[in-house]
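Coordinate inspection notes
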Amino acid sequence: SDLRKQLNAFYRFSRPHTVIGTVIGITSVSLLPLESVADLSPTFFVGLLKALIPSILMNIYVVGLNQVFDVEIDKVNKPNLPLASGEFSMGLGMTIVSTFVLMSFAMGIRFQSPPLFSALAISFVLGSVYSIELPFLRWKRNAFLAATCILIVRAIVVQVAFFLHIQRNVLGRPMVFTRSLVFAVAFMCLFSTVIALFKDIPDVDGDRDFGIRSFSVSLGQEKVFWLCISMLLMAYGAAVVIGASSSFLPSKLITVLGHCSLATFLWLQARSVNLTSKASITSFYMLIWKA
């Protein structure tokens, strides 16, 4: 029973929705350099695992570090998190994040992939300056800097670095930036901006009390909510246009119909969100990660 409780607490500490987003993001961009079914070889899957495992460890470092420095805010905004609830001590929280970041860098060095190591290093730096309470750091206090950190990691570093990791270090091909990669970066720039804005909508009470000037605190929850929905619909619309221009009919149908369906589903779900209910907003935020 105690072990089950500790595992459940660690599960919540790891912020699983961000881990799932990392796994899906890295896996999807790793498929872009493939030129044929023959490229789906054991070498590819080993290379993918070499990208995923240290990245998941770094992801847990970043979200864990944020909880260490946000423990008082989380007692208001997210009281179910292990540090805020007292299930984990601060010492245990620091031990977890320190261990995971060391393991991540050890793997990054061991795997000898410059794009992979660069992704880990940039994620470490931006994840640290986002959360750590020191002069010139704690970038989450500034809405623009906070959004920039998330956008750089999720939209640019993940897309470019892991594309190059597979293309050069796994498949052994020369570096070429494809049309699909450019579109993935552009799409994820919009999506990451939405994530950066939306994550603060349920947290206005604690952020306001502790001087975090997020866009939701400054502009209001409703304005930021519908701004996020508009940006997501723009991203899906752009995907439909790009998909429609494809000369490969199956790709055209899947891209157009898939993104039209996602956009319609998103719009219908957004209209049912109760902006006065923190639970309703948080549930929709988790839905965005899946969509």
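Before any of the text, the structure's been laid out above.
Residues numbered from 1 in each chain as written. Predicted model: local features only at pLDDT ≥ 70, side-chain atom pairs only at ≥ 80, totals over all residues. Heavy atoms only, no water.

1. A closer look at the layout of surface pockets
By rolling a water-sized probe across the atoms, one finds the places where empty space is left. The line we're drawing: Both site types are read off a 1 Å grid over the protein atoms alone. A 1.4 Å probe that fits but cannot get out defines a cavity, while an open set with protein on both sides within 12 Å along at least five of seven lines defines a pocket; lining residues have an atom within 4 Å of a point. Grid points are joined across faces, edges and corners, and a volume is the space filled by probe spheres set on the points. A helix here means a DSSP run of H or I that spans at least four residues, while a strand means a run of E at least two residues long, and both kinds are numbered starting from the N terminus. In this count, Pro and Cys sit with the nonpolar residues alongside Ala, Val, Leu, Ile, Met, Phe, Trp and Tyr, while Asp, Glu, Lys and Arg are called charged and the others, Gly among them, polar.
Considering only enclosed or pocket space, the largest pocket measures out at about 1400 Å³ in volume. Along the walls of the largest pocket sit 46 residues, with Ser28, Val29, Leu32, Phe183 and Ala184 positioned nearest its centre. Contributing elements (two or more residues each) for the lining of the largest pocket: helix H2 (16-31), helix H8 (143-170), helix H9 (179-198), helix H12 (221-244), helix H13 (249-271) and helix H14 (278-290). Of the residues that constitute the lining of the largest pocket, the class distribution is 26 nonpolar, 15 polar and 5 charged. Counted as a void, the second largest pocket has a volume near 1000 Å³. In terms of lining, the second largest pocket is formed by 47 residues, of which the most central are His17, Thr18, Val63, Lys199 and Tyr285. When contributions to the lining of the second largest pocket are tallied by element, the ones reaching two or more residues are helix H1 (2-13), H2, helix H3 (42-69), helix H4 (71-77), helix H7 (114-131), H8 and H14.

2. Some words on H8
To keep things clear, this is the line we draw: To estimate how far a helix should extend, the number of its residues minus one is multiplied by 1.5 Å. The bend at a residue is defined as the angle formed between two axes, one fitted to the seven residues ending at that residue and one fitted to the seven starting there.
Compared with the 40 Å implied by 1.5 Å per residue over 28 residues, the 38 Å span of H8 between its first and last C-alpha is a close match. Val157 marks the point of greatest bend in H8, at about 40 degrees. Positive backbone phi, at 70 degrees, marks Gly172, one or two positions downstream of H8.

3. Let's talk about the nonpolar core
For clarity, the threshold we go by: Only buried residues count toward a nonpolar core. Its members are Ala, Val, Leu, Ile, Met, Phe, Trp, Tyr and Cys residues joined through side-chain atoms within 4.5 Å. Only protein chains enter the accessibility calculation, which uses a 1.4 Å probe; a residue is then buried when its area is under 20% of its type maximum, exposed when over 50%, and partly exposed in between. Note on contacts: a residue pair is in contact if any heavy atoms of the two residues lie within 4.5 Å.
Grouped together as the largest cluster of nonpolar side chains are 38 residues, with contacts concentrated most on Phe13, Ile26, Met58, Tyr61, Leu83, Phe88 and Phe162. Mapped by element, the contributors of at least two residues to this core are H1, H2, H3, helix H6 (90-110), H7, H8 and H9. When residues of this core are assigned to their parent elements, the largest contribution, 10 residues, is made by H3. Every residue in contact with Ile26, bar those within four places of it in the chain, is listed here: Leu48, Ala51, Leu52, Ser55, Val158 and Phe162. Within the second largest apolar cluster, 27 residues are counted, among which are Phe225, Ile229, Tyr236 and Ala263.

4. What about the packing of H3 against H7?
The line we're drawing: The axes are straight lines fitted to the C-alpha atoms, using for helices just the contacting stretch, and the angles between their N-to-C directions are given from 0 to 180°. The labels follow the angle: roughly parallel below 35 degrees, roughly antiparallel above 145, roughly perpendicular from 65 to 115, and oblique for the rest.
Packing of H3 against H7 leaves a shortest axis separation of 9 Å and a crossing angle of 5 degrees. The angle between H3 and H7 falls in the class roughly parallel. Residues Lys50, Ala51, Pro54, Ser55, Met58, Tyr61, Val62, Leu65, Asn66 and Phe69 of H3 form the contact with H7, whose own contacting residues are Leu116, Leu120, Ser123, Phe124, Gly127, Ser128, Tyr130 and Ser131.

5. Observations concerning the pattern of salt bridges
How we decide: Should a side-chain nitrogen of Lys or Arg be within 4 Å of a carboxyl oxygen of Asp or Glu, the pair is scored as a salt bridge.
Per the stated rule, a full pass over the model turns up 11 salt bridges. For Lys140, the salt bridge goes to Asp70, with nearest N and O atoms at 2.3 Å. Taken together, the residues Lys140 in the loop between H7 and H8 and Asp70 in the loop between H3 and H4 connect sequence positions 70 residues apart. Judged by its relative accessible area of 2%, Asp70 is buried.

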